[in-house]
Amino acid sequence: MAGLQTDTLRVRIADVPVCDGLDLQVHPGESWCILGRNGTGKTTLLHTLAGLREPDGGTILLNDRPLQQLSRRHIARQAGLLPQDHRDSLPASVLETVLIGRHPFLGPLQWESRDDISTARLALQSVGLQDLEQRNVATLSGGERRRLGIATLLTQDPALMLLDEPTNHLDLHHQVQVLELLQRQVRNNGKSAIMVMHDINLAARYCNRFLLLLGEGRTASGSAAEVLTHELLERLYSHPLEAVTGPYGTVWLPGRSAGLPGQ
Amino acid sequence: MSVRPFPLFLLLSLLAGCSLLLSLASGSMETSLRDLAGILLGDEQGLAGQVVRELRWPRAAAAFVTGGLLSLAGGLMQVLLRNPLADPYVLGVSGGAATGALLSLLLGLGGLWLHGAAFGGALLSILLVFVLAHGRGSWTVSRLLLTGVVIAAGWGAVISFLLAVSPARELRGMLFWLMGDLGHATLPVAGSIVLLAGLLLAFAIGRPLNILAHGELTAASLGVRIQPLRRLLYVTASLLTATAVTIAGNVGFVGLVVPHMLRLQGIRDHRILLPAAVLLGGSLLLLADTLSRTALAPRQLPVGILTALIGVPLFLYLLYRGRGLQGSED
């Protein structure tokens, strides 16, 4: 099958299991969201799926081929990662940074072509950074840097997008813009996405599949109706939640922490 | 993207050419440009011709090659360690070389022995850091940096010890070596080959270097094989440094500052930056060496003093103008 598939995947951090025997099928047109508490291994799982880390058991298939047997360059042509957060220590301009997305497609001594540059400019435009092309990335704000990361990923143009908290540092307007942009990519261009998120409500609006990391290797996965249930979500965060029905469907509000006096 | 490579390399080549002519023409024996033209065309046989061909030319070539080696090594080291403060000596290569060189000076051995001992010490240090940084499998940048810095500190103590126990008549030679000196330099045949090989390699891995500068996770996810690239960078930068210190001792400042001078001019693509650094670093050291042997003639100064004296104000000026560090650029 096209897309990503895991077969009894086991991932651990030190001796703590993240998932144990995970079977996942990510098809084109699907946006997956990984939800879980801090430290349950969402990023580690995402890096494993990107082939940046060996799994502790089981197999991962990318377009039917075992990920461990593919070269880094081969993987990079089909799967792209938006890292959680990073700062550049050496100077580079915005355009130069976006252009690195073309790396997997260029030969060893080949230089970026006009086409590569226009692809990069288009990507900058789609996240609203077209006027900052020549700026040094060190001078960008956190949110601008986040959008730059998204633009780099769009320049790489992989069929599978792995995104570690894509809405980090973004204001409300840009959160929605970026998620809509990713949704269009998945819906119209037959891509798939797997993103780590902390906002259940945005996730529920823009993703159509969910993977809950419940801790100690337990997981739950499926559609919103299957896994975004009151019981599972409260268990996921060990926190009381309140479901409110609004114009966009169910919205989850956090309740007061147990043990605090009410008012 | 913002810097056009062609005019840049034309300008830098001009600078290198002028530095070379100036160096060949300067010295205790007056040589006019016209004499120089005659000598270079080979139809001038007198004493002037001999001085230029046998004394000034080998020394000028050694200065240029050393500056090129150090600048290239510095540029590579800064990407490897992802640290703008990295210089060719940060991982202890020069300390190992200095220990070897000082030992051979202490034993009264000069010439080839001195060069051999310096190169041997550098290789020992490279190997030591490489193996120790490996530890149990993980070869991370912070581990490499810490191992290198600690080894460098260790060499520092050994060097101080050697200086303390050496007889006074050897001290001057030792200090000159430690500050970087081209007084005993010969035509750098091996150095030129190493520089050329390093330059070709740097050019070939230029795009992966650009990507590695954005972080290892990003680079790995874009298909760069991080571990082999890091090892290659470490070994290459170290060997370039070892070659440079073998020629001229610990010439400071060039390797740290030359790559940054270019970065401050908006040159960030390593396929352009590294060859440009070789030209600029070579010219800078050549000019510094010319000054070091003429400024207080007949007394000669260690060239390391002059590299800093020229480099510090030049670098501060570029930093003060602040292009490329802050805000937008033209």
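Predicted, not measured: the structure shown is a model, and the values here were computed from it.

Considerations on the overall build of chain A
In terms of regular secondary structure, chain A is built from 9 helices and 12 strands. For 263 residues, the compact-globule estimate of 2.2 N^0.38 gives 18 Å, and chain A sits close to it at 19 Å. Seen through its C-alpha atoms, chain A measures out along the principal axes to roughly 60 × 45 × 35 Å. Relative to its 263 residues, chain A shows a buried fraction of 42%. Pairs at least 24 apart in sequence give 64% of the contacts found in chain A among residues at least 6 apart.

With respect to the overall build of chain B
Broken down by element type, chain B carries 14 helices and 0 strands. Its helices and strands taken in sequence order, chain B reads α-α-α-α-α-α-α-α-α-α-α-α-α-α from the N to the C terminus. Its C-alpha atoms give chain B a radius of gyration of 20 Å, within 12% of the compact-globule value 20 Å for 330 residues. Counting only C-alpha atoms and orienting by the principal axes, one finds that chain B spans roughly 65 × 55 × 35 Å. The 330 residues of chain B split such that 48% are buried.

Things to note about the nonpolar core
Judged by nonpolar contacts, the single largest core of 160 residues is most densely connected at Ile34(A) and Leu162(A). If you tally residues by element for this core, the top one is helix α3 (residues 47-80) of chain B, at 15 residues. Apart from residues lying up to four places away in sequence, Ile34(A) is in contact with Lys42(A), Leu45(A), Leu46(A), Ile194(A), Val196(A), Leu211(A) and Leu213(A).

Concerning the pairing of strand β12 (residues 249-254) of chain A
Sparse coverage of β12(A) is indicated by the burial of 0 of its 6 residues. Here strand β11 (residues 241-246) of chain A hands over to β12(A) after 2 residues, the two strands then running antiparallel side by side.

Concerning the environment of Arg299(B)
The topology assignment puts Arg299(B) in the loop between α13 (270-294) and α14 (303-321). For the pair Arg299(B) and Pro88(B), spaced 211 residues apart in the sequence, the C-alpha separation amounts to 29 Å.

Points about the interface of chain A and chain B
Of the residues lining the interface, 30 residues belong to chain A; the matching set on chain B comes to 30 residues. Put simply, the parts of the chain that give the side of chain A that touches chain B at least two residues each are α2 (72-78), β6 (79-82) and α3 (94-99) of chain A. With 4 residues, the top contributor of residues to the side of chain A that touches chain B is α2(A). For the side of chain A that touches chain B, the class distribution of residues is 15 nonpolar, 10 polar and 5 charged.

Let's talk about helix α7 (residues 168-179) of chain B
Since the α-helix advances by 3.6 residues per turn, residues separated by three or four positions end up pointing in the same direction. Between its terminal C-alpha atoms α7(B) stretches 17 Å, which fits the 16 Å expected from 12 residues at 1.5 Å a residue. Two residues or fewer past α7(B), Gly180(B) is found with a positive phi of approximately 90°.

Overview of the packing of helix α1 (residues 5-25) of chain B against α13(B)
All names here are of chain B. At a closest axis distance of 9 Å, the pairing of α1 and α13 adopts a crossing angle of 20°. Between α1 and α13, the angle falls in the class roughly parallel. Between α1 and α13 lies a crossing of left-handed hand. Listed contacts from α13 to Pro 5, Leu 8, Phe 9, Leu 12, Ser 13, Leu 15, Ala 16, Ser 19, Leu 20, Leu 22 and Ser 23 of α1 are Ile 272, Ala 276, Leu 279, Leu 280, Gly 282, Ser 283, Leu 286, Leu 287, Asp 289 and Thr 290. Of the residues contributing to the contact of α1 with α13, the split by class is 14 nonpolar, 6 polar and 1 charged.

Quick look at helix α5 (residues 142-156) of chain A
All names here are of chain A. Along its 15 residues, α5 runs 21 Å from first to last C-alpha, staying within 8% of the 21 Å computed at 1.5 Å per residue. Judged by how many residues are buried, α5 sits mostly within the fold: 13 of 15 residues are covered. Once α5 ends, the next one or two residues include Asp 157, with phi positive near 55°.

Quick notes on the environment of Cys18(B)
All names here are of chain B. Considering the arrangement of structural elements, one finds Cys 18 in helix α1. Overall, the presence of 13 C-beta atoms within 10 Å leaves Cys 18 in the partly exposed class. C-alpha separation for the pair Cys 18 and Ser 283, spaced 265 residues apart in sequence, amounts to 8.7 Å.

Digging into the environment of His27(A)
All names here are of chain A. With respect to the helices, strands and loops of the structure, His 27 is situated in the loop between β2 (16-26) and β3 (31-36). When the C-alpha positions of His 27 and Arg 235 are compared, they lie 28 Å apart, and in sequence the two are 208 residues distant. Beyond its immediate sequence surroundings of up to four residues, His 27 is in contact with Met 1, Gly 3 and Ser 192.

Structural notes on the confidence of the model for chain B
For residues with low pLDDT, the predicted coordinates do not support detailed interpretation. Mean pLDDT for chain B: 88, with 95% of residues reaching 70 or above. Interface confidence for the predicted complex, given as ipTM, is 0.91, next to a pTM of 0.91.

Some thoughts on the sheet that holds strand β8 (residues 192-196) of chain A
Residue and element names in this part refer to chain A. Within the open sheet, the 6 strands sit side by side as β6-β7-β8-β3-β9-β10. Their pairing is mixed. The open sheet has two edge strands, β6 and β10 (218-222), and neither has a second partner. Averaged over all neighbouring strand pairs, the angle between strand axes comes to 15°, with direction disregarded. Pairing geometry for strand β7 (residues 160-164) and β8, over 5 bridges, is parallel. Among the inter-strand pairings, Leu 162 is bridged to a residue of β8, identified as Ile 194. Across the sheet, helix α1 (residues 42-49) touches β3, β7, β8 and β9 (209-215), and the angle it forms with β8 is around 155°. Of the strands in this sheet, β6 and β7 are in contact with α5, which crosses β6 at around 175°.

A short note on the sheet that holds β2(A)
Residue and element names in this part refer to chain A. As summarised here, the arrangement of the 4 strands in space is β2-β1-β4-β5, forming an open sheet in which the pairing is antiparallel. Since the sheet does not close on itself, it has two edges, and those belong to β2 and β5 (65-66), each with one partner. Across 5 bridges, strand β1 (residues 4-13) lies against strand β4 (residues 57-62) in antiparallel orientation. Following the sheet pairing, Leu 4 is matched in β4 by Leu 62. Helix-sheet contacts for α1 involve β1, β2 and β4, and the interaxial angle to β1 is about 135°.

Rules and cut-offs
- Residues numbered from 1 in each chain as written.
- Chains lettered and ligands numbered in written order.
- Predicted model: local features only at pLDDT ≥ 70, side-chain atom pairs only at ≥ 80, totals over all residues.
- Helix = DSSP H or I, 4+ residues; strand = E, 2+ residues; numbered from the N terminus.
- Rg over C-alpha atoms; globule rule 2.2 N^0.38 Å.
- Buried ≥ 20, exposed ≤ 12 C-beta atoms within 10 Å, placed from the backbone.
- Contact = placed C-beta atoms within 7 Å.
- Core = buried A, V, L, I, M, F, W, Y, C linked by C-beta atoms within 7 Å.
- Pairing = 2+ DSSP bridges.
- Nonpolar A, V, L, I, M, F, W, Y, C, P; charged D, E, K, R; others polar.
- Expected span 1.5 Å × (residues − 1).
- Axes fitted to C-alpha atoms, helices over the stretch in contact; angles between N-to-C directions.
- Parallel < 35°, antiparallel > 145°, perpendicular 65-115°, else oblique.
- Left-handed = near helix turned anticlockwise from the far one by under 90°.
- pLDDT = per-residue confidence, 0-100.

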